[in-house]
Amino acid sequence: MNRENKTKNIFSLSFIFDRIGIFLPVILLLVAGSMVSDKFFTAGNFLNILNAIALLGIVATGMAFVTHSGSMADLSIPSIMAFSGIITVAALPLGLFAAIILGICAGLAIGAMNGFVVGRLNANPILWTLAVAFFMEGFMRFTWSNNQVYPDIEPGTAGAAFINIFRINIGPVPLIVVVMLAMFVIGHLVLTRTRFGIESKLTGSSRPAAKTTGINVPRIVMMNFLAAALCASIGGIFITSMTKLGVFYLGTGYDFKAVTAVVIGGMMLSGGRGNMLGVFGGVMVIGLLTNIMTFIGINTFQQNIVTGGIFIAVVGFGQYHLRKRGKDYA
Amino acid sequence: MLKKPSRFNIAGFLDSNRALLMLIILFSALSVFAPNFFTTHNITTILKGASLNAIAAIGFTVIFILGQLDLSIGAVVMLCGMLTIGLQPQIGWAGSFAVSILAGAVVGLVNGLLVVKAKINSFIVTLGTMTVVMGLMHLYSKGGSKAIDDFRFADFLEEPVLTFFPPIVIITILLVLAFTFFLNKTPLGRGFFIVGGNPETAWLAGLKRDRYLIAGFIICASTAAIGGSLFAAGLSSMTSAAVLANRTLMTVLSAVIIGGALMSGGKGSVLKSYFAVLMLTTLFNGIGCFGLGFEVQIFINGIILALVVLYEAYVIYRHDLLKGQRPDLINEAQTLETKWSANVNNEEGDGSMNDKERFSLTCITIAAIVGIVAIFAMYFMHTTMPPRIVSSPTNAAGQVDVYSLTGTDGQPYILKQTETPVIPPRPKDPKSLPETDKGHWWDIEYAGWSVEKAEMPKSDASGPAGKQVILLKAGDHPYWTAYVNGFKAMAKAYGMETKIFNGNWNIDLQAQQANQAINERPDMIILAPVDATACTPLLRRINKASIPCITSNTIPVDEAMKYCLAWTGPDDWGQFRMLARKFADALDKKGGYAIVRHMPGSSPFFARTYSPITELREYAPEMELLAMDTANLEAEGTMQLVSAWITKYGDELKGLILAGDGFSMTGALEAISKSSRKDIVIVAAGNSKTGMDSIKAGDALAITYQSAEGDGAIAVHTAAEWFQGKELTPVRYLPKHIITQGDVDEFMPPQW
């Protein structure tokens, strides 16, 4: 920790990265965007970007809890999203509020199961959540016979109100963007200011160490999976409200998308490192990249190649940087 | 140290051979109970069907032994399969195999270098390369499929030489045995276990971890490449639908785990992984024999995987207990079976009773929540889906009058065929014309009209009653639920028996199901291809078995049309020409437009893009195509795409053509309402509830009428006509119609 002794070059990439982390690529992308089109730096476009990443942001907040606490990733997130959405739509006759509560409970039930098995029984999180994703998909397909579940959207019904959740604006900003920002702020506070957050960090860094410190590791793991499930359920309700129907394949792909965002944002899969603001940066990078590439006119296939390359590059640079700073053994 | 009790050995034996045991038990059970399961043909089908996953599982096991993960194998399978087929015409089989396996090895090398040199977690590296490789594959294939017309090599691979074993299976088994030998019997191979299981020992033994890791990644990607190349060669074609990559990865991953490999490294067996792949393939096959759907397969797959993962956790837990750090627990460990759950709580050591109680309370609450949710789910499921009773009206002669049957939307399932469409002459060399010219697409648009059929089975004109028809449907989707409704209603009206296989959009699965269907020797097979090109060998096989076959829904390529009696389905190209004209009229034939495309790998990806482009070029030459791209039919993706287009093009963008009226419509409408550009004209392929609702609300101008129920019904109807001994037209379109606000009510309620 003799940082003073090191020669500091304030213009070096490493120095800047140390201070602002993931927001370095964000800034680079903002500069690139402004060069691509004069319409890039408009309020409208930024709202578009925020709106487009809001769902991913909400889900990624949850995934960040799981990754941060050392459980790598929760691959059951798409099924949680779909399940909470379907249950919410199916329960709409009971009223909007009850339906949303039930939908979230449905998601939390899966999260609790994951948390129990991974935390208490020490199962491998990736494999277990993959198995859960499999049988939940089977269950949802079977129960609803592969059909879509439509809410009744006559004006004045709970269904109409439900459809509006995605479409409400607070001032010029859509509700979902506000929710996403709020969740990042809350997530950040939880991870940095609460006992739970600190304990999660220690659990993620080293389970044995956490255990010897007297931390109830299974409970911490459980709570983190519950947090992920909560975020995924909220995301699921938003996506269902957006598409106006519930169906088993909603949310497909959000598992790997969320992991991508979380890892770009500087969280290590080994756990314990990174913070929520970084994850927000990671989500922003993905949103900005897609937006800029669409502006240039790069098609989806080429976008995949660029995104994959940038993903590896950013994560690689981040880890290289940490190693150089002596912060990581690997 | 604690001595192992003697029963432990038996348990250990059972555990270490669990994949084989599961396979034997499952196989015996299915042989007894499942209809048409225990036949030579079906066993060959299972062995053949397992080959892609089995070969990919070899390398995947090696990677697991090293304690790493490779998510990119699915993408590598597809890229290499595509390269094999794409390059074969130029450089022959040997060359194309070499190139694609080399390409696989390069991907593996990149993975390995990034893991070893850049020291990035393999999960992350391969997640990145997965995306990149998929992008490369799509770039190379332009989002379409590739095929070659020469079936000799495919026949060689697929024809059994010994009773059960076609060459493709023999190659698989040889590879499995070779790698088993290599890993278990050679010092070099044993090194993989040491490096993966105990890095310190490996270091002390002077093993170079980096080299082993790089070699492991190269082996993994290369076996995936071999699997993909052989798979593509066996089909003489390759699809570019991403689902093949996902399902391969997921099946291989579960098989390797079931086979006993540990994610932490140091344990695993190629042979056991092979047994596990065979077990899963047998399971899927058996479920198909019972006529159950994909939902049951994936559910059981999930349960098996979950049990195995739990069991592994239990083993580790037990192992930790026996370490001797906790002498007070050893006694308990010996009588563990009954007390496991109680011990789990003691693991914390200091955990007070309070904690324990709180914990059980949590568990009970969770169980209660799950129960309540399940009950609600069941309750609402029944309220949202009222059963529909189909009555069969009869005409004067006492026969069923199929023309009077109507679907849920009140429209008749089928119309009497009135006129045959006019087919323009084929241009000399369609591919030499530009993509914006109608002629370029002639072979796809008018596939089947002028093809010379292979030798077809003759109808004995004994009528449709009592005939058994097998439907190989493409996958699960609400459209297909409606399709099956129409299919069954029409079959019931004709008194035909039906059985349905679900291909789940995966050509690998559908190829197996085609073999399974042949094995059942039905009177007719109706194939709704997962892939318009890659279905050719499937049809050829069915034709060789002299089972009459009708293709439905996705129009196959000309080559495939040779082997089926007829094709029935929606005229995607024609419908979109009509839609494009309506679109141009609404815009006064002026202004810029953009197209949101279908999923790559599907036939509408081209039809619903180039039909309007070519039509508008002639009908409204002043209109300009500003942009086109796919958002994989996702609502969020479409919203993002359209939002960016609106910002970029501003007032230039006057209209949007959507390849789907479901999530694409939702996403596009969101983007439009956010930017207050209500003036943008939208047309889309229909007709789901979302699309119909937006037409009714005036948000969209027009959608095509594509009756899902009618799609299913017309296939059965055509089959019935064949059984009656009637002459079939090679292509039979569903009625074409464009729905606008004026007549949308006639088509309410929507079918899906």
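Small disclaimer: the values here were computed from a predicted structure and weren't measured. (Residues numbered from 1 in each chain as written. Chains lettered and ligands numbered in written order. Predicted model: local features only at pLDDT ≥ 70, side-chain atom pairs only at ≥ 80, totals over all residues. Heavy atoms only, no water.)

Draft legend 1. Focus on helix H27 (residues 689-696) of chain B. All names here are of chain B. Within H27, burial applies to Thr690, Gly691, Met692, Ser694 and Ile695. Its buried side turned inward, H27 meets helix H26 (663-674), strand E12 (702-704) and strand E14 (738-740). In the stretch just after H27, glycine 698 is the one whose phi turns positive, near 80°. (Buried < 20%, exposed > 50% of the residue type's maximum accessible area, 1.4 Å probe, protein only. Helix = DSSP H or I, 4+ residues; strand = E, 2+ residues; numbered from the N terminus. Contact = heavy atoms within 4.5 Å.)

Draft legend 2. Layout of the sheet that holds strand E8 (residues 592-597) of chain B. Residue and element names in this part refer to chain B. Spatially, the six strands line up as an open sheet ordered E9-E8-E10-E11-E12-E14, and their pairing is mixed. Looking along the sheet, the strands with just one partner apiece sit at the ends: strand E9 (624-630) and E14. Each neighbouring strand pair of the sheet contributes to a mean axis angle of 20°, computed without reference to strand direction. Examined bridge by bridge, E8 and E9 share six bridges and lie parallel to one another. (Pairing = 2+ DSSP bridges. Axes fitted to C-alpha atoms, helices over the stretch in contact; angles between N-to-C directions.)

Draft legend 3. Structural view of the sheet that holds strand E3 (residues 468-473) of chain B. All names here are of chain B. The strand order across the open sheet formed by six strands is E4-E3-E5-E6-E7-E13, and the pairing between neighbours is parallel. The open sheet has two edge strands with one neighbour each: strand E4 (497-502) and strand E13 (731-733). Direction aside, neighbouring strands of the sheet carry axes that sit 20° apart on average. As judged from the six bridges shared by E3 and E4, these two strands associate in the parallel manner. From the neighbouring strand, leucine 472 faces E4, where its bridge partner is phenylalanine 501.

Draft legend 4. How the structure looks around the state of the cysteines. According to the stated counting rule, one finds zero disulfides over all chains in the structure shown. With no disulfide of its own, cysteine 535 of chain B lies closest to cysteine 564 of chain B among cysteine sulfurs, the gap being 8.0 Å. (Disulfide = S-S within 2.5 Å.)

Draft legend 5. Representation of the pairing of E3 of chain B. All names here are of chain B. Burial within E3 is extensive, with five of its six residues counted as buried. As a crossover connection, the stretch from E3 through helix H19 (residues 478-494) into E4 is right-handed. Where E3 and strand E5 (residues 524-527) come together, four bridges link them in parallel fashion. Opposite isoleucine 470, over in E5, you have isoleucine 525 as the bridge partner. (Right-handed = clockwise from strand over helix to strand, strands pointing away.)

Draft legend 6. Region of the structure containing the interface of chain A and chain B. Each partner contributes to the interface: chain A provides 96 residues, whereas chain B provides 90 residues. Surface buried jointly by chain A and chain B totals about 8000 Å² across both partners, of which 72% is contributed by carbon and sulfur atoms. When the buried surface of chain A facing chain B is broken down by residue, Arg120, Phe134 and Phe301 of chain A rank first, second and third, together holding 10% of it. The interface formed by chain A and chain B includes four salt bridges. A salt bridge links glutamate 634 of chain B to lysine 257 of chain A; the nearest nitrogen and oxygen atoms lie 3.5 Å apart. The tally of links between chain A and chain B comes to ten residue pairs in polar contact (both at pLDDT 80 or more). For the side of chain A that touches chain B, the leading source of residues is helix H14 (residues 300-324) of chain A, giving 14 residues. Counted by class, the side of chain A that touches chain B contains 57 nonpolar, 30 polar and nine charged residues. (Buried area = accessible area lost by both parts, 1.4 Å probe. Salt bridge = Lys/Arg side-chain N within 4 Å of Asp/Glu carboxyl O. Polar contact = N/O pair within 3.5 Å; in protein donor to acceptor, adjacent residues only side chain to side chain. Nonpolar A, V, L, I, M, F, W, Y, C, P; charged D, E, K, R; others polar.)

Draft legend 7. Representation of the packing of aromatic side chains within the structure. The final tally for this structure, using the stated rule, is 37 aromatic pairs over all chains. Measuring from centroid to centroid gives 5.3 Å for phenylalanine 60 of chain B and phenylalanine 64 of chain B, while their planes differ by 40°, and the two rings are tilted. One end of the pair, phenylalanine 60 of chain B, and the other, phenylalanine 64 of chain B, are both in helix H4 (residues 51-65), four residues apart, so they sit about a helical turn from each other. Note on accessibility: phenylalanine 60 of chain B and phenylalanine 64 of chain B belong to one class, buried. Taken together, Phe301 of chain A together with Trp441, Trp573, Phe605, Phe606 and Tyr610 of chain B form an aromatic cluster joined through their ring pairs. Against the face of tyrosine 140 of chain B rests lysine 146 of chain B, its NZ or CZ located 5.0 Å from the ring centre. (Phe/Tyr/Trp six-rings, centres within 6.5 Å; stacked < 30°, edge-to-face > 60°. Lys NZ or Arg CZ within 6 Å of the ring centre and 35° of its normal.)

Draft legend 8. Molecular detail of the confidence of the model for chain A. Averaged over all residues, the pLDDT of chain A is 88; the fraction at 70 or higher stands at 93%. Every residue in residues 1-6 of chain A is under pLDDT 50, and counting partners more than four places away or in other chains gives four contacts. (pLDDT = per-residue confidence, 0-100.)

Draft legend 9. The arrangement of the packing of H14 of chain A against helix H6 (residues 122-141) of chain B in detail. Where H14 of chain A meets H6 of chain B, the axes come as close as 7 Å, and the angle between the chain directions of the two elements is 160°. By the criterion of interaxial angle, the relationship of H14 of chain A to H6 of chain B is roughly antiparallel. Taken as a pair, H14 of chain A and H6 of chain B cross one another with a handedness that is left-handed. Residues Phe301, Gln302, Asn304, Ile305, Gly308, Gly309, Phe311, Ile312 and Val315 of chain A of H14 of chain A form the contact with H6 of chain B, whose own contacting residues are Ile124, Val125, Leu127, Gly128, Thr129, Thr131, Val132, Gly135, Leu136, His138 and Leu139 of chain B. Residues belonging to the contact of H14 of chain A with H6 of chain B are distributed by class as follows: eleven nonpolar, nine polar and no charged. (Parallel < 35°, antiparallel > 145°, perpendicular 65-115°, else oblique. Left-handed = near helix turned anticlockwise from the far one by under 90°.)

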